[in-house]
Amino acid sequence: MARFCTLCSGSSGNSTYVGTGRSGLLVDAGISCKGMLAALESAGIEPSQVQGILITHEHIDHIRGLRVLLKKLKVPVYASPEVLAFLEQCGHLQPDTRTEELGEAPKEIGGMEVRAFRTSHDSVHSQGYRFVFPDERRAAVATDLGIVTGEVEAALAGCDLVLMESNYDRNMLLAGPYPYSLKRRIQGAEGHLSNEECAGQLARLVQSGTARFVLGHLSAENNHPSVARQAALEALTGCGCREGVDFTLTVAPRYRAGEMTIF
């Protein structure tokens, strides 16, 4: 059976475990190695189960613990060619780290089929990941995207579980202390998704059969878990769907592992 668990999620650091009963993968390593290992332990995941690390993009809240963690895990790192080049040039990898490019072509990793899809973000390259498990269950991780493109929609379609970015509340952002340039960047096509934008996408997904939603990458300054959850809940119930019957909705914790979802 498929297993999915966020280890940390937010503007301060991001990492997610996706796996089967025997092995799995990490998506990003955005907190310290010590924090990553503690999160794995609290989620009941043995480090030996981790067969590789997928990197969405090179921003520090996604790679902060990568170099030291690779000393402990000694697993391959998968990412786009642009991100792999950045990681190598900037010293974020161990000298003996095996790297593999991962893009739209499916690749068998850790007992799952994995493929990447491009996301719109202001980095050297940014991508999300879609997973197909041996029993044909599907999951996707889609964070750090200023807009939901057709490519993103196609990747999320048909997934049983989706981790979706719900980064900011518009009113909180506009009323907050950020400079105007940063507010524009966050709201831009290469920034982040608002609660409302995320909620609209979830409403489309639930109507096509997705039943498990995890809200992730919430801003510490411009959002709150209850605010993000309420926006998503209103959109989902507005479609006539019932929480606990037609869908489940959780918010990924910022500083600790979330609950392990087995599906």
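Just above, that's the structure.
Rules of the game
- Per-chain numbering applies: the sequence of each chain, read as written, is numbered from 1 onward.
- Only residues with pLDDT of at least 70 get local features here, since the model is predicted, and only at 80 or more are side-chain atom pairs given and counted; chain-wide, interface and lining totals rely on the full set of residues.
- Neither water nor hydrogens contribute to the side-chain values; these are computed over all heavy atoms in the structure.
- Pairing of aromatic side chains here covers Phe, Tyr and the six-membered ring of Trp, requires ring centres within 6.5 Å, and sorts the geometry by plane angle: under 30 degrees stacked, over 60 edge-to-face, intermediate tilted.
- Helix and strand definitions here come from DSSP, where helices need a minimum of 4 consecutive H or I residues and strands a minimum of 2 consecutive E residues; each element is numbered from the N-terminal end.
- Exposed residues in this analysis have more than 50% of their type's maximum accessible area, buried residues have under 20%, and partly exposed residues fall in between, with area computed by a 1.4 Å probe over protein chains only.
- Each pair of strands is called paired provided DSSP finds at least two bridges between the two strands.
- Counted as salt bridges are all cases of a side-chain nitrogen of Lys or Arg within 4 Å of a carboxyl oxygen of Asp or Glu.
- With axes taken as lines fitted to C-alpha atoms, and helix axes fitted only over the stretch in contact, angles between N-to-C directions fall between 0 and 180 degrees.
- Classification remark: right-handed applies to a crossover when, strands pointing away from the viewer, the course from the first strand over the helix to the second runs clockwise.
- Within this analysis, the arc is defined by the directions that extend from the helix axis to the C-beta atoms.
- Throughout, a residue-residue contact means that at least one pair of heavy atoms, one from each residue, lies within 4.5 Å.
- What we call a nonpolar core is a set of buried Ala, Val, Leu, Ile, Met, Phe, Trp, Tyr and Cys residues that are connected through their side-chain atoms within 4.5 Å.

Chemist: Describe in detail the packing of aromatic side chains, supporting the description with residues and values.
Modeler: Enumeration over the complete set of coordinates arrives at one aromatic pair. Ring geometry for Phe133 against Phe263: centres 5.8 Å apart, planes inclined by 85°, an arrangement best described as edge-to-face. Taken together, the residues span a long stretch of sequence, with Phe133 in the loop between strand S9 (127-132) and strand S10 (138-142) and Phe263 in the segment after strand S14 (261-262) at a distance of 130 residues. For the residue pair Phe133 and Phe263, the accessibility class agrees, reading buried in each case.

Chemist: If you had to explain the pairing of strand S2 (residues 15-19) to someone new, which residues and values would you point to?
Modeler: The element S2 is extensively covered by neighbouring structure, given that five of its five residues are classed as buried. Side chains Ser15, Tyr17 and Gly19 project from S2 onto one buried face, and the interleaved Thr16 and Val18 project onto a second face that is buried too. Pairing between strand S1 (residues 3-8) and S2: five bridges, direction antiparallel. What sits directly across from Cys8, in S2, is Ser15. With antiparallel pairing between neighbouring strands as the criterion, S1 and S2 make up a hairpin whose turn holds six residues, including Gly10 at a positive phi of roughly 150°. Pairing between S2 and strand S3 (residues 24-27): four bridges, direction antiparallel. Across the sheet, Val18 pairs through a bridge with Leu25, a residue of S3.

Chemist: I'd love a proper account of the pattern of salt bridges, names of residues and values included.
Modeler: For the coordinates displayed, the defined rule picks out 10 salt bridges. In this structure, the salt-bridge partner of Glu153 is Arg204, at a minimum N-O distance of 3.7 Å. Here Arg204 lies in helix H8 (residues 195-207) and Glu153 lies in helix H5 (residues 150-156), a separation of 51 residues in the sequence. On the basis of relative accessible area, Glu153 is assigned to the partly exposed category, the value being 33%. For Arg204, a relative accessible area of 46% puts it in the partly exposed group. When the shortest N-O distance is used, the salt bridge between Glu243 and Arg229 registers 2.1 Å. A residue pair is termed long-range when its members are at least 10 positions apart, and Glu243 in the loop between helix H9 (225-237) and strand S13 (248-251) and Arg229 in helix H9 qualify at 14 residues. According to the relative accessible area criterion, Glu243 is partly exposed, its value standing at 35%. A residue is classified by how much of its surface remains accessible, and Arg229, at 26% relative accessible area, is partly exposed. Several salt bridges share partner residues, and in doing so they unite Arg98, Glu100 and Lys107 into one network.

Chemist: Just give me the short version of the sheet that holds S10, but keep the residues and values in it.
Modeler: Ordered by their spatial adjacency, seven strands build an open sheet running S7-S8-S9-S10-S11-S12-S13, and the pairing between neighbours is mixed. On the outer flanks of this sheet lie strand S7 (107-109) and S13, each paired with one strand and no other. In this sheet, adjacent strand axes meet at a mean angle of 25° when their direction is disregarded. Relative to S10, S9 runs antiparallel, the two being bridged by four bridges. When the bridges of S10 are listed, Val132 appears paired with Arg138.

Chemist: Tell me about the pairing of S3, and name the residues and values.
Modeler: Side-chain positions along a regular strand alternate between the two faces of the sheet. With burial as the criterion, each face of S3 is covered, one bearing Gly24 and Leu26 and the other bearing Leu25 and Val27. The antiparallel pairing of S2 with S3 creates a hairpin that spans four residues between the two strands. Here S3 runs beside strand S4 (residues 50-54); their pairing, made up of three bridges, is parallel. Across the sheet, Gly24 pairs through a bridge with Val50, a residue of S4. Running through helix H1 (residues 33-42), the crossover from S3 to the neighbouring parallel element S4 is right-handed.

Chemist: Tell me about H1, residues and numbers included.
Modeler: An α-helix turns once every 3.6 residues. As a result, residues three or four positions apart point the same way. Residues Cys33, Met36, Ala39 and Leu40 constitute the buried set of H1. On an axial view of H1, the arc spanned by its buried residues comes to 125°, and they lie on one face. Facing away from the buried side of H1 by more than 90 degrees, the exposed set consists of Lys34, Glu41 and Ser42. Against the buried residues of H1 lie S1, S2, S3, S4 and helix H3 (66-73). With its phi angle positive at about 75°, Gly44 sits one or two positions after the end of H1.

Chemist: Quick one: what's the story with the nonpolar core, residue by residue and with numbers?
Modeler: By size, the foremost hydrophobic cluster in this structure holds 29 residues, and its most contacted members are Leu7, Leu26, Ile53, Ile55 and Leu66. Elements supplying a minimum of two residues to this core: S1, H1, S4, H3, strand S5 (77-79) and helix H4 (81-89). Those residues in contact with Leu26 that sit more than four places away from it in its chain are Leu7, Ser15, Thr16, Tyr17, Met36, Leu40, Val50, Gly52, Ile53, Leu54, Leu69 and Leu73. By size, the runner-up hydrophobic cluster in this structure holds 25 residues, among which are Ala140, Val152, Leu202 and Val206.

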